[in-house]
Amino acid sequence: MATALKSRPQGRSVAVKPKRSPAPVRSQPKARAAAQASITLSSKNYSSWSLRGWLIAKLAGLEFDEVMVSPDDANARKEILLLSPSILVPCLTHGGIKVWDTLAIGEYLDEVKPKAGLLPTDIAARAHCRAICGEMHSGFSSLRAALPMNLKGDFPGYKVWAKAEGDIERITTIWRDCISKYGGPFLFGDKPCIADAMYAPVVTRFLTYHVAVDRVCSAYCQQIMAMPEMKEWIAAAKLEHEDIEELDMEF
Ligand SMILES: N[C@@H](CCC(=O)N[C@@H](CS)C(=O)NCC(=O)O)C(=O)O
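For every chain, the first residue of the written sequence is number 1, and numbering continues from 1 along that sequence. In keeping with the model being predicted, local features are shown solely for residues with a pLDDT of at least 70 and side-chain atom pairs are shown and tallied solely at 80 or more, while totals for entire chains, interfaces and linings include all residues.

Student: Requested: an account of unusual backbone geometry, with residues and values cited.
Tutor: The peptide bond linking V89 to P90 adopts the cis configuration, its omega dihedral lying at 0 degrees. The way it works is that DSSP assigns letters per residue, a run of H or I at least four long becomes a helix, a run of E at least two long becomes a strand, and they are numbered from the N terminus. For P90, the location among the structural elements is in the loop between α2 (74-81) and β5 (91-94). In this model, G184 is joined to P185 through a cis peptide bond whose omega is 0 degrees. With respect to the helices and strands, the residue P185 is situated in the loop between α6 (162-182) and α7 (194-208).

Student: Let's hear about the environment of T208: which residues, and what values?
Tutor: Locating T208 in the fold gives a position in helix α7. Any residue whose C-beta has 12 or fewer other C-beta atoms within 10 Å is treated as exposed, any with 20 or more as buried, and any in between as partly exposed, C-beta atoms being built from the backbone. The exposure class assigned to T208 is buried, which follows from the 20 C-beta atoms found within 10 Å. For T208 and P148, which are 60 residues apart along the polypeptide, the C-alpha to C-alpha distance reads 9.4 Å. A pair of residues counts as a contact when their C-beta atoms, built from backbone coordinates, are within 7 Å of each other. Non-local contacts of T208, meaning those with residues more than four positions away in its chain, are made with N150, G153, D154 and F155.

Student: Tell me what's going on with the pairing of β5, and back it up with residues and numbers.
Tutor: Looking down a regular strand, the side chains alternate between one sheet face and the other. With burial as the criterion, each face of β5 is covered, one bearing C91 and T93 and the other bearing L92 and H94. We treat two strands as partners when DSSP finds at least two bridges between them. The sheet contact formed by strand β3 (residues 37-41) and β5 spans four bridges and is antiparallel. Bridged to I39 within β5 is L92. As judged from the four bridges shared by β5 and strand β6 (residues 97-100), these two strands associate in the antiparallel manner. Among the inter-strand pairings, C91 is bridged to a residue of β6, identified as W100.

Student: So what's going on with the site of the ligand? Residues and values would help.
Tutor: Only the C-beta atom matters for this test: placed from the backbone, it must lie within 6 Å of a molecule or strand for the residue to be near it. Neighbouring the ligand are 14 residues, the closest being S47, W49, L88, V89 and T102. Those elements that provide at least two residues to the shell around the ligand are α1 (48-59) and α3 (102-112). When residues in the shell around the ligand are grouped by element, the largest group, three residues, is from α1. When its residues are assigned to classes, the shell around the ligand shows seven nonpolar, six polar and one charged. For this classification, Asp, Glu, Lys and Arg are treated as charged, while Ala, Val, Leu, Ile, Met, Phe, Trp, Tyr, Cys and Pro are nonpolar and the rest, including Gly, are polar.

Student: Quick one: what's the story with helix α8 (residues 215-225), residue by residue and with numbers?
Tutor: For α8, every residue scored as buried is listed here: C217, Y220, C221 and I224. Along the axis of α8, the buried positions cluster into a sector of 100 degrees, meaning they face one direction only. With respect to the buried face of α8, the exposed residues turned more than 90 degrees away are R215 and Q222. Considering only its buried residues, α8 is in contact with α6, α7 and α9 (228-239). As used here, the arc belongs to the directions running from the helix axis to the C-beta atoms.

Student: Hey, could you go over the sheet that holds β3 for me, with residue numbers and the actual values?
Tutor: Pairing is mixed in the open sheet, where four strands are placed in the order β4-β3-β5-β6. The outermost strands of the open sheet, each flanked by one partner alone, are β4 (65-68) and β6. Adjacent strand axes in the sheet meet at a mean angle of 20 degrees, parallel and antiparallel pairs treated alike. Structural elements are reduced to axes, namely lines fitted to C-alpha atoms, with helices fitted over the stretch in contact, and the angle between N-to-C directions of any two is expressed from 0 to 180 degrees. On top of the sheet, α1 reaches β3 and β5; it is set at about 160 degrees to β3, its chief contact.

Student: Describe the nonpolar core, with residues and values.
Tutor: Nonpolar cores are identified as sets of buried Ala, Val, Leu, Ile, Met, Phe, Trp, Tyr and Cys residues joined via C-beta atoms within 7 Å. Counting 61 residues, the largest nonpolar core has I56, I194 and A195 as its most contacted members. Of the residues forming this core, the biggest block, nine residues, is contributed by α7. Throughout the structure description, domain borders are defined by an automatic or database domain assignment. The residue makeup of this core includes at least three contributed by each of domain 1 (35-115) and domain 2 (119-240). With residues near it in sequence (within four places) discarded, I194 still touches I56, G106, L118, L119, C129 and C133.

Such coordinate-based values are descriptive only and should not be taken to indicate function.
Put into structure tokens, the structure is as follows:
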């Protein structure tokens, strides 16, 4: 931090630290511990953003109800999605506070559950984590279009669209970089955090479409698939009855 120079009578200058203004007091939602929480989700088989939001809430240790938006019933679907200001899933409602958009849910839950370790404690690692979450959130559209999440699917020999190869290259570089920097087995060390939730649907896509990756990335994929939360989600996805042709796309 820059320091101010203060003149002394004899003309010498000494550095003095400017007074710090007190940290702003953040308001906390009332009766947080007892807050009722629910998350609006859609298909567990196809909805990658639902998986990310749900996983973040699980990692936060939040108790919540799932509100499923069924793709089958157009009217019920419209009604439930209207409760989400973006008309998208996931949407978290927690003690009367509504948070839509997966990254915002992650940041909110990190504030509400600071001990859960949703973001790394070290500031540099935290910045790194936010940067790669941002990349996932706003990018990799070729990968998302070419390899839609489909947990029930299994497509050996699937021809990956050339444009998606660049996304795969970048994602695997991100994973290798994190694992070598923070020691693995998760992206930021020994516990899963928001970044792992953001990339979890990429892991399932690599497995669904048999995308060949190196040893480090393959071990990372196995690590994600071994998470009890992932097992729970995938088991529920496999029980979903709808197999709708139009849903075989990123949504
Ligand atoms: N940027 C949003 C993306 C959410 C999104 O695209 N959700 C999809 C499902 S994966 C959605 O709700 N689509 C409309 C629908 O299912 O009717 C986020 O981070 O939450």
